[in-house]
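One letter stands for each residue in the lines below.
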Amino acid sequence: EQAPPVRGRFGDYEFVSAAPPLPGAAVIQQLQIAGALGAADAAPGSAEYIDQTSRAWQTADQSVTEHFGDPDFVEVPTEELTDPETNAAAAEPAAASLPADSSGERAEIEAGNTTHITVVDANGIVVSMTSTLTSFWGGADSEYVGGFFLNDQLSRFEAIDTPSNQPEPGRKSVSWSAPSMVLDDQGRAVLGIGTPGGHQIPNILTAVMVPWGLQDAPLQDAVDAPRHSLQDGVLAMEQEPKQEVSELIRERGWDLQVTTRADAVFGSVQALEIDYDDNSVIGAKDSRRDADFEIVDE
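One structure accompanies this document, and this report is about it. Everything numeric here is computed off the predicted structure, so don't read it as measured data. (Residues numbered from 1 in each chain as written. Predicted model: local features only at pLDDT ≥ 70, side-chain atom pairs only at ≥ 80, totals over all residues. Heavy atoms only, no water.)

Brief notes about unusual backbone geometry
Point 1. The residue after Pro20, namely Pro21, is reached through a cis peptide bond having omega 15°.
Point 2. Positive phi outside glycine occurs at Ala264, with the angle close to 55°.
Point 3. Examined against the element boundaries, Ala264 turns out to sit in the loop between strand E11 (255-258) and strand E12 (270-275).
Point 4. Exposure remark for Ala264: the relative accessible area of 19% places this residue in the buried category.
Point 5. At Asn279, a position not held by glycine, the phi torsion is positive, near 55°.
Point 6. Relative to the helices and strands, Asn279 resides in the loop between E12 and strand E13 (280-283). (Helix = DSSP H or I, 4+ residues; strand = E, 2+ residues; numbered from the N terminus. Buried < 20%, exposed > 50% of the residue type's maximum accessible area, 1.4 Å probe, protein only.)

Overview of the packing of aromatic side chains
Point 1. Tallied over the full model, the rule gives two aromatic pairs.
Point 2. For Arg188, the ring lying beneath its charged end belongs to Tyr276, and the centroid distance is 4.2 Å. (Phe/Tyr/Trp six-rings, centres within 6.5 Å; stacked < 30°, edge-to-face > 60°. Lys NZ or Arg CZ within 6 Å of the ring centre and 35° of its normal.)

Some details on the packing of helix H1 (residues 24-36) against helix H6 (residues 201-214)
Point 1. Running from N to C, H1 and H6 point in directions that differ by 45°, and their axes come no closer than 10 Å. With respect to H6, the element H1 is oriented oblique. For the crossing formed where H1 meets H6, the hand is right-handed. Of the residues in H6, those in contact with Val27, Gln30, Leu31 and Gly35 of H1 are Pro202, Asn203, Leu205, Thr206, Met209, Val210 and Leu214.
Point 2. Residue composition of the contact of H1 with H6, grouped by class: seven nonpolar, four polar and no charged. (Axes fitted to C-alpha atoms, helices over the stretch in contact; angles between N-to-C directions. Parallel < 35°, antiparallel > 145°, perpendicular 65-115°, else oblique. Left-handed = near helix turned anticlockwise from the far one by under 90°. Contact = heavy atoms within 4.5 Å. Nonpolar A, V, L, I, M, F, W, Y, C, P; charged D, E, K, R; others polar.)

So, the layout of surface pockets
Point 1. Taken as a whole, the second largest pocket holds about 770 Å³ of empty space.
Point 2. For the lining of the second largest pocket, the elements supplying multiple residues, two or more each, are strand E2 (13-17), strand E4 (126-132) and strand E7 (180-183).
Point 3. The dominant element in the lining of the second largest pocket, judged by the number of residues it contributes, is E4, at five residues.
Point 4. Here the lining of the second largest pocket is composed, by residue class, of 15 nonpolar, 13 polar and four charged. (1 Å grid on protein atoms, 1.4 Å probe; cavity = no way out; pocket = protein on both sides within 12 Å on 5 of 7 lines; lining within 4 Å. Points joined across faces, edges and corners; volume = space filled by probe spheres on them.)

Quick word on the sheet that holds E7
Point 1. The six strands are arranged E1-E2-E7-E8-E12-E13 in an open sheet whose pairing can be described as antiparallel. Here the strands that pair on one side only, and so sit at the sheet edges, are strand E1 (6-10) and E13. Between one strand axis and the next, the sheet turns through 20° on average, direction left out of account.
Point 2. Relative to E12, strand E8 (residues 189-194) runs antiparallel, the two sharing four bridges. Residue pairing across strands places Leu191 opposite Glu273, the latter belonging to E12. (Pairing = 2+ DSSP bridges.)

Written as structure tokens, this is what we have:
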């Protein structure tokens, strides 16, 4: 059964992403709240930027917890979650609702095991596809059925244990895969984008989309921009924090986790941009994992 993708305005574009139970609507909500908080004017990696995008993420992550599930079984308010005016109004309470985390045991943020591919053909048709086996090697000892391997997706019911995401026959679980596209004001696809990264996928996409979509950064610069993720009071970063970021971490009462490339926490963005003015395709290489792109002239 096909489900129409979710979509919402972001800057001068329309962001289109995966329908529930996948988290596309939450990604849009995060992007819209971050924009409303002023992320367009903050340098990626700065304390202000980390604070704004983290606040936006806490709201979006909570939306997944409260609402997301298989739409054949539960109602997911995607129109509300992707509405720019609603999310602009949510930005003000988000700006005042990120106190120091006082929860108990805090776990390190871990990598997600997923593959993404973005393809653009000579006619401008764009495919953004995320495939996941969930845990390494998938389910049933990597059983191969009908052209694909079975995954371990049943574990997602336990991992995201909410009233809207409970196992029963025929029910799809919430996951974090978010293959996405960006459309211009003529409805043309100008960017195909996606990434592995598990629970970090919304933050990874936001880390690229804010500089690219709100700050006019070239695609490669946006992919290279520093990434972070706040989860359960742990702020994961790719490098030791600058003084202003260290002060923010102390103020919020967060724990710091500095990752390495080998940790593979921050995904591997696969993105292709279409420039209709000169009929060209622009790629970007994400050095965080083994990745590349190829443009073939025809």
